[in-house]
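Now for the letters of each chain:
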Amino acid sequence: MSVRVRIAPSPTGYLHVGTARAALYNWLFARGRKGVFILRSDDTDTERNDPKYHEDIVTSMRWLGLDWDEGIEVGGPHAPYRQSLRFDRYREVAMSLLAEGKAYYSFATPEQLDGFRKEAQAAGRTPAYDGRFRVDAAEAAERVAAGEKVPIRMAVPRPGLTTFVDSVRDDVTFDHDQVDDFVILRSDGSPTYHLASTVDDVDFGITHVMRGEDILSSTPKHILLTQAMGATPPVYAHLALLMGPDGKKLSKRHGHTALNAYREAGILPEAMVNYLALLGWSPGEDETVVSLDEMIDRFDIDDVTKNPTIFDNDKLEWMNGVYIREMSTDDFVARISPMVEAHLGRPLETDEMGQLAAIAPHVQERAKRLTDVAEQVAFIFGDVVYDDVSWDKVMTTSEAPVAIAAATAGLATLQEWTTDSIEAALRNMLSETELSARKGFQPLRVALTGSTVSPPLFESIEVLGRERAIARLEAAQGRLA
RNA sequence: GGCCCCGUCGUCUAGGGGCCUAGGACGCCGCCCUCUCAAGGCGGUAACGCCGGUUCGAAUCCGGUCGGGGCUACCA
């Protein structure tokens, strides 16, 4: 049987990095097995759904490069792949379960349920509703006919046990007294997640379900439902959750949980994918930077780790740097120019594009995030903005005016304007003034770029051009006086 | 509270009875390179939660304990 897997985000929030990781694992598995990867929208929560989240899910998936064979936007044999458009089908299943006596109309009031749970908890038992307030079928039919709007609950067989093999954690068993008679169809006729998700998995022929560990304890419900429908449950694999640095489930207060935030922070999708892949999976050897093809080749559910994993931003940024350095300069320029323009608030002129291309290799080798680059090269495209700390640190020394004056004189008379000739002139300035490279060059750097931290000095000067370089040196000299 | 899951350096992990005086990566520290910052090179720091058992031998198997996490809705 060919592999059919899915990722089913609910559009009640931006695509979460944890969901992105689950999506990646499913995708790798499908691609490695020549299977089918499906993107489905679990949008049964009509209250909290928002089109902007739906949009974000699609955009983020594409950004990561995780293409899907069937699903929203692309269609397929089970279109539309949106649960909100399949309510009739869920109702149909609920009704047939009802007819078969596997589910029932529940007249239990919230007060009764609440009382039951409190009592059970106080007695040290599991507060899972066991159907004790269930009324007989005849009465139920009568009351529903009379217009009572009540939910339909699953009649969980008790006593009973559900055991399943989880591909990442081996056998897991749940006693049915831990499983409540859960609602499958709400009193307003809408399906719950359990029903909709299970029906879809059955209808779409899903063979493997890889999802977050947070639904591990709901799995018996899904298995019971699947069996009640007369189908065979898929293979389950529950992924350990992503944690924040404090060991708690990754949430907003830890920083970014939305994938799009990383895109905006200048993270490359390739780096994100590589980092995410290693968060709970190991290619088996001492390797860290792994290409997508290699991942597809080597990925297997059995090699997924059981441990919860803490999301490490430092490592992500390091990896991003690795991918940035691996890019060709052309690609790099293509990717940073929009960011530079966004930073400047205007498009770059043709000659400015040339300047950007000229300085690019020098910032590429030291960049961690694409967004850093815009700041690092800003001095080329606008007026110099002096960083106060930098200024105070190097411009208040007695060497600063000496170095700047000598450098100005040296550069003004240069025949050629190349990195080499500039370097020669400035090194000559050093020996004339008897200044160390550090003492002599740092004031120039601040004068020209505004900061003690910048791309390499000689290259920066070359790209800046003679007029502007000299103007800045003179301006700084004037500011010193 | 109940149930379920998990437990190797600070972090992500390799490891599935002797190959482990526990390997790799990020981070951190030091040195080198050097016009700044990075990058790069070299070196270093640092872990099998604890207690029992099984065994000639345990990070690896078993039990307990402690710790962490998840679930416990007419939310997904």
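This is a predicted model, so every value here is computed, not measured.

Calculation notes
- Residues numbered from 1 in each chain as written.
- Chains lettered and ligands numbered in written order.
- Predicted model: local features only at pLDDT ≥ 70, side-chain atom pairs only at ≥ 80, totals over all residues.
- Heavy atoms only, no water.
- Salt bridge = Lys/Arg side-chain N within 4 Å of Asp/Glu carboxyl O.
- Buried < 20%, exposed > 50% of the residue type's maximum accessible area, 1.4 Å probe, protein only.
- Domains from an automatic or database assignment.
- Core = buried A, V, L, I, M, F, W, Y, C linked by side-chain atoms within 4.5 Å.
- Helix = DSSP H or I, 4+ residues; strand = E, 2+ residues; numbered from the N terminus.
- Polar contact = N/O pair within 3.5 Å; in protein donor to acceptor, adjacent residues only side chain to side chain.
- Contact = heavy atoms within 4.5 Å.
- Phe/Tyr/Trp six-rings, centres within 6.5 Å; stacked < 30°, edge-to-face > 60°.
- Lys NZ or Arg CZ within 6 Å of the ring centre and 35° of its normal.
- Pairing = 2+ DSSP bridges.
- Axes fitted to C-alpha atoms, helices over the stretch in contact; angles between N-to-C directions.

What follows is about the pattern of salt bridges. Counted according to the given criterion, the structure contains 30 salt bridges. Of the charged contacts, one joins Arg-40 and Asp-42 as a salt bridge, the two residues approaching to 2.9 Å between their closest N and O atoms. Here Arg-40 and Asp-42 have matching classes, each one buried. Two residues, Asp-130 and Arg-132, come together in a salt bridge whose shortest N-O distance is 3.0 Å.

Split by domain assignment, chain A resolves into domain 1 (86–239) and domain 2 (383–481). The distance between the C-alpha centroids of domain 1 and domain 2 comes to 73 Å.

Residues Met-61, Met-272, Phe-311, Leu-426 and Leu-444 are the most contacted members of the largest nonpolar core, which totals 115 residues. Considering each element in turn, this core owes the most residues, 10 residues, to helix α1 (residues 17–32).

Considering the arrangement of structural elements, one finds Thr-198 in helix α6 (residues 193–203). A relative accessible area of 2% places Thr-198 in the buried class. One polar contact links the side chain of Thr-198 to the main-chain carbonyl oxygen of His-194, over a distance of 2.6 Å. Apart from the residues lying within four places of it in its own chain, the contact partners of Thr-198 are Tyr-193, His-222, Leu-225 and Thr-226.

In this section: the packing of aromatic side chains. Counted according to the given criterion, the structure contains 13 aromatic pairs. Geometrically, the ring pair formed by Tyr-25 and Phe-299 is tilted, given 5.2 Å between the ring centres and 45 degrees between the ring planes. Taken together, the residues Tyr-25 in helix α1 and Phe-299 in the loop between α10 (292–298) and β12 (309–310) connect sequence positions 274 residues apart. The exposure classification of Tyr-25 matches that of Phe-299, with both residues buried. Taken together, a centroid distance of 5.5 Å and an interplanar angle of 85 degrees make the contact between Phe-441 and Phe-458 edge-to-face. One end of the pair, Phe-441, is in helix α18 (residues 437–449); the other, Phe-458, is in helix α19 (residues 457–464), and 17 residues separate them in sequence. Phe-458 carries the same exposure label as Phe-441, and that label is buried. An aromatic cluster is defined as three or more aromatic residues linked by ring pairs; in this entry it consists of Tyr-25, Trp-281 and Phe-299. In this structure, Arg-143 packs its charged tip against the face of Phe-107, placed 4.1 Å from the ring centre. Seen from the ring of Trp-63, Arg-263 lies directly overhead, with NZ or CZ sitting 5.9 Å from the centre.

Turning next to the sheet that holds strand β5 (residues 152–154). With antiparallel pairing, the 3 strands of this open sheet are ordered in space as β4-β5-β8. In this open sheet, the two edge strands, each paired with only one partner strand, are β4 (103–105) and β8 (183–185). Within this sheet the neighbouring strands show an average axis-to-axis angle of 40 degrees, counted without direction. Both β4 and β5 contribute to a ladder of 3 bridges, which runs antiparallel. Bridge pairing links Tyr-105 to Ile-152 in β5.

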